[in-house]
Structures are given as C-alpha cells and as structure tokens.
Amino acid sequence: MGRLRIILLALVLIPFGLFAQKEGDIWFFGTATFMDFSTDPPSVFTGGTVPSPEGSTSLSDSDGNLQFYAAGRHFYNRDHAIVPGWPIASSYSGHFMAQGNLLLPINDSTMHYYSIAPGATRVGIYYSEIRTTANGGLGEVVSWNNSIADSVAEHMAAVRHADGESWWILSHYESSDVFIKYLVTENGSISRSDQAVGDVHPPRWEPYLSPLVFNHTGDRFALASKFGRVELFDFDRCTGEITFFNAVVKDLVSYNAFYGISFSPNGKMLYLSDRTFWNFEDSLEHASRVFQYNLDSTNLLNSEVLLFTAPPPCEPWWSGNTCRRAFGAHKLGPDGKIYIGEASDDGNDAVYDSLSVIHNPDLPGLACGFEHKAFGLNPGHGSGFLPNIPNYRLGPLVAQEAEAGPDLLLCPDDSVRIGTADTSGNLIFQWSPATGLSDATSAQPMASPSISTTYYLTVTDASVNIACNRTMDSVRITVIDPPSYGVPSANAGTDTLVCADSPVMLGTPDTSNGSWNYQWSPATGLNATAIPQPTASIATSQTYHLTVSRPEVSGSCMTVQDSVRISIYNPSVLPQDAAGADQTICQGDTISLGMAGTNGIDYFWTPASNLSNAQSPQPSAWPDGPVSYMLATTDPSVNGPCGTLNDTVAITVEQPFTHPLPAPVVTFCPGECILLGVAPQPGFDYAWAPTTGLDAPNASMTRARPDGTTTYTLTVTDPRLQSSNCRRQVYTVVATAENCHFPTLLWPNGDGIAETLDFGEYAARVELTVYDLQGRRVYASEDYGNDWRGEELAVGVYGYRMMVTGECGFARAGKFLKMR
C-alpha cells in the first residue's frame, strides 16, 4: 500500500483528559519540588536537590512515571542523577527565564531539550538531543548546545502539530513584532519560519513579559506584550499560521504588569493575574489580583470579574522584612483545575509554601471557585513560577486519515470490500478509477475488478477550511490465477462421542508450514479458534465448523469448509450395578457373577483368578477365599473416562462347620424303643426326618419306635453361617430291625434248632425270668444273652417274663415247651 503523507485534519474539540498519555502528570518546580497528579488530590514529593528559581520542565512516561526533569544547567533522569554526557559546567541555562526550558519527546528513542540561554552576544535558543532508551532508560546526551535562534524574548512554548506527532515551538524576538516558529518532526528535523503579527515587544530589559500559554486544544494562545496588554492569537496547528484574535488592554498601576495567564479547559474563560516587577508587592497600591474574562464576549474588559486581591503586606518594604503577596504563573493541571504560583512567604522570600487553585475554571464569575493558598506544597517549596510542560494529551486534529486498506489478492469473479468506515460523518470520499467499484464515493465500496487494478482514495473534510484537510491513499488488488496458489483442504476431524468437559482435539495437523488461515466457529469451549488443531472442552453437544483459507487471498476460490460433531456421552446408558449383589459361599462352591450382557459394551473383571472368563458379563467363579471382584463396563465408542463404569461385588467364603457324628446304624427288634442321634452342641439347629414315631424331631438325640427298618436323616444347621453348603450338614442313621421273636420251643438236641431260648437282638439289656407251671422260678438273668439251654429242666411247659430295660424298654410274658 503506497501512502502519500498528506495529513487530513478535522477541527474537533478534544474532551479534557480524553487521552491516556500521562507524560505531563508530574510537575517539577520550586525548591526541587515534585507534584504528582496520579492521585486525587495531587501528591507532593521531593527528590532532587537543585532548585528551579524560574524556568523548569519535566517529562514522565505514558504511565505517569517520572523520567527526566531540568532546571537550566541541571538535567536529571528518574534516579535524580545527571543524564550521562550532560556538561554540568555549561553556561547552557534557562533557569532565570520565565519559560527557559522545555523537554519534547520526538519519537520512541529521541528527546529534545530546548533552553533559552545567554549566548555569545545575546539571549538565544539552544537545544540538545537525548537518546532516551540509552543506559536502561536513564538517557544519554547525543549532542548539545545547538543554537537555533538569538535575540529572543523569554517566551518559549510547544504545541502538537495537527498530525499529533510533530511539534510546533513558538518564541518571539525582543524589540519586534515577529514570532519565531519551529516545526520539529518525528525524525528530529527542525524547520523554521517567522511571522510578524501583533504588537511590538519592547526590549528584554523592560520586565513586562509573561509566559506564552496555549489553550487546551492548542488552537489559541496568549501572552503579554506590554505592561497592561495581553494579546490573544488563533493558531493553525496544520500550517503554523498565527492570526490576531483579541487583546485585553487595561490600565494598571505603575510597574504592575500581567504575568499569570491561563485558559479554562473549554477555552471560553481567560484568567489573568498582575504583579509588580520592582518589589512593590508589600504595598497595597501594587497588590496582585486575579481576573476572569469571558472570551465569548464582544468586549473583554466589560466581561471582567475580579476574583481575588492579595492581602495587605505585613510590613513596609523599607523595613527589610517584607511579606510579599504576589501571584505568579498559571498552569492548567491534568485534573482540570488551574494552579497559580504564589510569591508569598511571611518574611523569607526564598520559601513559597502553597499554590492558589481555581477549582471549576469553566464556570463564569465567582462560581469558578478561586481559592487562595488552597494547595499546600509540604514537604516541598514552590515559587511564583510553574514548569513549562506542553499538553501531551493533545491528540491529532485528524478526524480520519485516508485509509484505502492493505494491498489484496483476489479470486477471479469475486468481490472484496476496501477502505475503512467513516468515523466522522463530515468526510468526502472519492475513489479512482470507478471501474469495478460498487460506489466510487463510498468510504468502503465493494471492489470487483476483472483485472488487477490499483484504486486511489482521496478523503476531504469539507467542514474544515484548512490547508491540510485532505489525504490520499491507494490499494492494489491483484486478480490471481488460483491453480498457481494450490488448492486448500479442510479436515475438521471425525465425529466424536466424548465425556462432558473432557478435552478432545479437533482437526488435523497443518502440513503447509502455516500458509493457510484456520478459523473455527463457534468459539464455545475452544482453547483457540485460529489454529489447525484446537482443543474443545464442552458440556453440551456441539457442531464445529472449520474454514481454511489462504490469508493473502480474498474470495471463495481459496476457501474451503468442513465440520465435525462433538456429542456428549450420557453415562447413564451404561449397565448399572452390573457386577451383581454381594454373595456368601461355602468353600469349594462355584457361583455366577454379574448379569446378562448389553450389546456394544465391553466387560472386564479383576482379578481374573478363579474366573471362567474375565471378559464375560456373567463368568463363573470359585474363589478359595474372600475376594472383591471389580467389573469395568466400557462403551468403546466414547472418548473419555465417562465411558467406563466400575462396579464391585464382594464374595465371602465360609468354611464348613465340624460336629460329632451320630451312630450310622442302630439295630433293634420290632416294637423296641431306640435312641437315635448324638449329644447336642451349642449354637446348632437339628431336624430329623421322617418324624413319625420320634419323641423330639428337633433335638440332636431322640427316641424312636420304628415299626421296622427305617432310614433317618439328621440335618444339622449352623445359623451363624450364610452359605447353604456350609451352614447345613445331613447325617444318615439306619435303624435296622432284627429278626427278633418270642420262642415257644426249647429242644437242646444238638441239631442247632431251638437249642437255646432265643429272643433276638435288642438295643438295650434284656432281663429274663423263667417259671414252671406251679409258679416257681426256675431261671433268671439280668442281662440275658440268648444263651440258656434249659438242660436242667424236665420236659414240659414253662412260662417266662422278659423285659427290655432303658428309657425305651418294654416287657413280655410267654410259654415255651421244653422237649427231651
């Protein structure tokens, strides 16, 4: 983009404090006193040791931190040290001049220090060049004592050029009506022009002079030219042209002159104060006063308001111990208040303890709020003079500089918008050529050239009649051949199922070494929107769109798009409680874990020991001890931890109990009562089956009267155990009925038949008594063993009585025939 550096100016009123620059927020003046406007009210501190009887200046950085300050021969940096390279013994001085010193930042690394100082023949203006970035920002003198004018008065003030970058410096010849104007540009070049306008200033030795003061917008200034005359001039910041505007001409008492001058922030009120220059401040006749004048008035003197008269002196001047009451210089502060130097001391002419303040200078009359000695300077001391600091907040007059936009590459048969929006509303736009433009008078037309074309833009501010109200710019649109640039591709990635707020990478790596632009939308959840592979972290499902384009080419031929859907997984679809309920088993048992599987879900059990299949939803398990099995159910289609749900089942393994065994076989004769079981053990439950003929079917031992051979089961249960195979044991008891009988024949003849009186086997002891027919006892046994042959008996019939003893005993009587 080619640019013609013709600066467009629009006359705009810049609100007070609009700009963020704070280069003028620390004032250095008086007895090494610093006034810092970064606080409200301003704070005061000291640090330097060099006083500034008149001319002083200071410069801060854009954040309001002190960088440099000067008082004539002495030039210091922020460490309160002499700037390296500065000639301390130099006569280069401006400390006894009302505006003797001035610091101007020229660019990011250069500053000029201007001073009105005695020269070889007359008072002149000199400057030094400072490299501000040297020595870690402490500065370094590059050149010094460069003379640019002589025979000048004590005026020297600077104001921004209309471009907001260069500076105008104004001074005035003595005994002349000629102003000296310097234009100092960004590269440090200085050009000079002179202009005769206004009153002829008398010689320097006539003490009439005041500071030259610009208003807040820099388009008007004022200065005193004679004892009772203050002239006001309009100033064109574009050309430097000075035009007489008006004058305050007032009869003042002999030797009194206007010195203090200031403008209100809105530029409508002018404030003047007078003082004597021959030490008559101790005389009420020569009292110092503060006036207000309304610049909108057709007669300035008629608008005059006397705001304040200095109080009477303490003692007459000839006493040698005066109390001076005189106002000095005025200065508009960054806070919108006007501060006025005080030359009052109560007996010591070297000490000035305060400043007067106009609190609301835009208001007319006494409403402006003048307050005498309102701002104390403790711990410092001021003077009747204030620092020469230009308005760094003053921006350019440029409403809008012509900006055609950057040079462009354009796809064939496509369109692109050029230019910038009209931010002023007072501008005239003209493009040339008009071919291919939607509107040649629009600030931002659409351009559709069929061939490569350079468009020229001229912007004119019709509301401002100044010499530099027009700027020009141009833009080159080159219509490309798309195949020569390569074909872009867009790959947003694969649709993905992820957990909420889990990061997932989109897209694919850029293999083109950054030759393409990447733009993702929406930006919701993305860590970046202009890289090939951003990371997304989202709580709800989202479709992302990727646009890939050639950054230097406008139009659709170098733009492709793709999209990817990132869906949020719902973990509730995973099987819940899939491991099953906790179980208790007996040692050696085999059980089934889990539940029926769900299609598309992966299963994995840990530990895998004693399992039939660790990847089955329902494996068989035969643990040999207590164990907790964890089942991880995973949906393999989801990216992130929410796709896995863990569940645990605890398996308790019990050991079988031990219990005394009942006799497995009991022999009895039919009709006999028998005792089954075993002695009871504490804590166990018992149950016999069948229960027919049992005295106690739920006891460990019971009486039974089986009719014949019967198989009984005794179930022993330990209720303290849970597993069926461990908590219950079943014992079998067979009650076997012998072939028992009641004999009727005793024939001990040696043939083995009826040799003894045989009653069979009984579970208990058998008592036997035998009688003859006369009732006499012929045999008796308390524990009969089926072994009596009765050989001592005669043949005949005998009777007997048998009794089975014990809890289940019974008795029987019968007869038998004794043979042989």
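Note that the coordinates shown come from a computational prediction; the quantities given were computed from them, not determined experimentally.

For the protein, the count of helices and strands is two helices and 58 strands. Considering only C-alpha atoms, the protein reaches an extent of 195 × 85 × 50 Å along its principal axes. Burial status across the protein gives 48% buried among its 820 residues. Sequence-distant contacts in the protein: of pairs separated by 6 or more residues, those separated by 24 or more amount to 56%. When the accessible surface of the protein is totalled, it reaches about 36400 Å², and 50% of it is carbon and sulfur. For the protein, the centre of its 44 positive side-chain charges and the centre of its 83 negative side-chain charges are spaced 5 Å apart.

On to the nonpolar core, then. By size, the foremost hydrophobic cluster in this structure holds 49 residues, and its most contacted members are F75, Y114 and I125. If sequence neighbours within four positions are ignored, I125 has contacts with Y114, S115, I116, N146, S147, I148, A149, V152, M156, S171 and Y182. Counting residues in each nonpolar core, the second largest holds 21 residues, with L506, L546, M558 and V564 among its members.

Here we take up the state of the cysteines. Going through the model one piece at a time under the given rule, you end up with three disulfides. Between the sulfur atoms of C411 and its disulfide mate C557 the distance is 1.8 Å. The sign of the S-S torsion, about -85°, decides the handedness of the disulfide formed by C411 and C557: left-handed. Placement of the pair is C411 in the loop between β28 (408-410) and β29 (416-417) and C557 in the loop between β39 (553-554) and β40 (559-568), with a sequence separation of 146 residues. Residue C411 is classed as buried on the basis of its relative accessible area, which comes to 1%. On the basis of relative accessibility, which here comes to 28%, the residue C557 falls in the partly exposed class.

The subject of this paragraph is the environment of R801. Here R801 lies in strand β57 (residues 796-804). Looking at R801, the relative accessible area reads 45%, which means it is partly exposed. Linking R801 and F28, residues 773 residues apart in sequence, is a C-alpha distance of 148 Å.

The next thing to look at is unusual backbone geometry. As a rule of thumb, non-glycine residues mostly have phi less than zero, and peptide bonds are mostly trans rather than cis. With an omega of -5°, the peptide bond between S432 and P433 qualifies as cis. Locating P433 in the fold gives a position in the loop between β30 (427-432) and β31 (446-447). With omega at -5°, the peptide bond leading from A689 into P690 counts as cis. Mapped onto the elements of the fold, P690 is located in the loop between β50 (685-689) and β51 (701-704). Within the chain, K373 stands out as a residue other than glycine whose phi angle is a positive 50°. Tracing the backbone through its elements, the reader meets K373 in strand β27 (residues 370-376). The phi dihedral of N610 is positive, around 60°, even though this residue is not glycine. For N610, the location among the structural elements is in the loop between β43 (602-606) and β44 (620-621). Its relative accessible area of 26% is what places N610 among the partly exposed residues.

The final tally for this structure, using the stated rule, is 17 salt bridges. Across the pair D199 and R229 runs a salt bridge, and its minimum N-O distance is 3.7 Å. Taken together, the positions of D199 in the loop between β15 (190-196) and β16 (213-214) and R229 in strand β18 (residues 229-235) put the pair 30 residues apart, joining distant regions of the chain. Classification of D199 by relative accessible area gives buried; the value is 17%. A salt bridge links E767 to R765; its shortest N-O distance comes to 3.0 Å. Look at R765 and you get partly exposed, because its relative accessible area is 34%. Via salt bridges that share partners, D199, K226, R229 and E231 belong to a single interconnected network.

For the rest of this paragraph, the subject is the sheet that holds strand β21 (residues 269-276). Ordered by their spatial adjacency, four strands build an open sheet running β20-β21-β22-β23, and the pairing between neighbours is antiparallel. Looking at strand neighbours, the two that pair on one side only are β20 (256-263) and β23 (305-309), the edges of this open sheet. Strand-to-strand twist of the sheet, defined as the mean angle between neighbouring strand axes without regard to direction, takes the value 25°. As judged from the five bridges shared by β21 and strand β22 (residues 289-294), these two strands associate in the antiparallel manner. If you follow L272 over to β22, its bridge partner there is F291.

Right, let's talk about the sheet that holds β15 for a bit. Reading across from one edge, β12-β13-β14-β15 is the order of the four strands in this open sheet, with antiparallel pairing throughout. Each edge of the open sheet carries a strand with a single partner, namely β12 (157-160) and β15. Ignoring strand direction, the axes of neighbouring strands in this sheet form an average angle of 25°.

Here the focus is the pairing of β22. Bridge count between β22 and β23: four bridges; the pairing is antiparallel. Note on β23: the bridge partner recorded for R289 is T309.

We now examine the packing of aromatic side chains. Summed over the entire model, instances satisfying the criterion amount to 37 aromatic pairs. A ring pair is formed by F75 and W86, whose centres lie 5.4 Å apart and whose planes are at 75°; its orientation type is edge-to-face. Of this pair, F75 sits in strand β7 (residues 74-77) while W86 is found in the loop between β7 and β8 (101-105), placing the two residues eleven residues apart along the sequence. The exposure class of W86 is buried, given its relative accessible area of 6%. With a centroid separation of 4.3 Å and 15° between ring planes, the pair formed by Y779 and W788 is classed as stacked. An aromatic cluster of at least three residues, connected via ring pairs, comprises W168, F179, F214, F221, F233, F235 and F244. Sitting over the ring of Y259, R275 keeps its end group 6.0 Å from the ring centre. Its guanidinium or amino end placed over the ring of W516, R550 lies 4.0 Å from that ring's centre, counting from NZ or CZ.

A few words on the confidence of the model for the protein. Summarising the model, the protein shows a mean pLDDT of 87, and 91% of its residues fall at 70 or more. This model gives residues 1-20 a pLDDT under 50, and the stretch forms 76 contacts once residues within four places in sequence are excluded. Contacts from residues 345-350, a stretch scored under 50 in pLDDT, to residues over four places away or in other chains number 13 contacts.

Glancing now at the side chain of S58. Note that S58 resides in strand β5 (residues 57-60). According to the relative accessible area criterion, S58 is buried, its value standing at 0%. Separated by 2.7 Å, the side chain of S58 and the backbone oxygen of I26 make a polar contact. A polar atom in the side chain of S58 sits 3.4 Å from the backbone nitrogen of F28.

About the thresholds
Residues numbered from 1 in each chain as written. Predicted model: local features only at pLDDT ≥ 70, side-chain atom pairs only at ≥ 80, totals over all residues. Heavy atoms only, no water. Helix = DSSP H or I, 4+ residues; strand = E, 2+ residues; numbered from the N terminus. Buried < 20%, exposed > 50% of the residue type's maximum accessible area, 1.4 Å probe, protein only. Contact = heavy atoms within 4.5 Å. Areas by Shrake-Rupley, 256 points an atom, 1.4 Å probe, with all protein chains shown as cover. Lys, Arg positive; Asp, Glu negative; His and termini not counted. Charge placed at Lys NZ, Arg CZ, Asp CG, Glu CD. Core = buried A, V, L, I, M, F, W, Y, C linked by side-chain atoms within 4.5 Å. Disulfide = S-S within 2.5 Å. Salt bridge = Lys/Arg side-chain N within 4 Å of Asp/Glu carboxyl O. Pairing = 2+ DSSP bridges. Axes fitted to C-alpha atoms, helices over the stretch in contact; angles between N-to-C directions. Phe/Tyr/Trp six-rings, centres within 6.5 Å; stacked < 30°, edge-to-face > 60°. Lys NZ or Arg CZ within 6 Å of the ring centre and 35° of its normal. pLDDT = per-residue confidence, 0-100. Polar contact = N/O pair within 3.5 Å; in protein donor to acceptor, adjacent residues only side chain to side chain.

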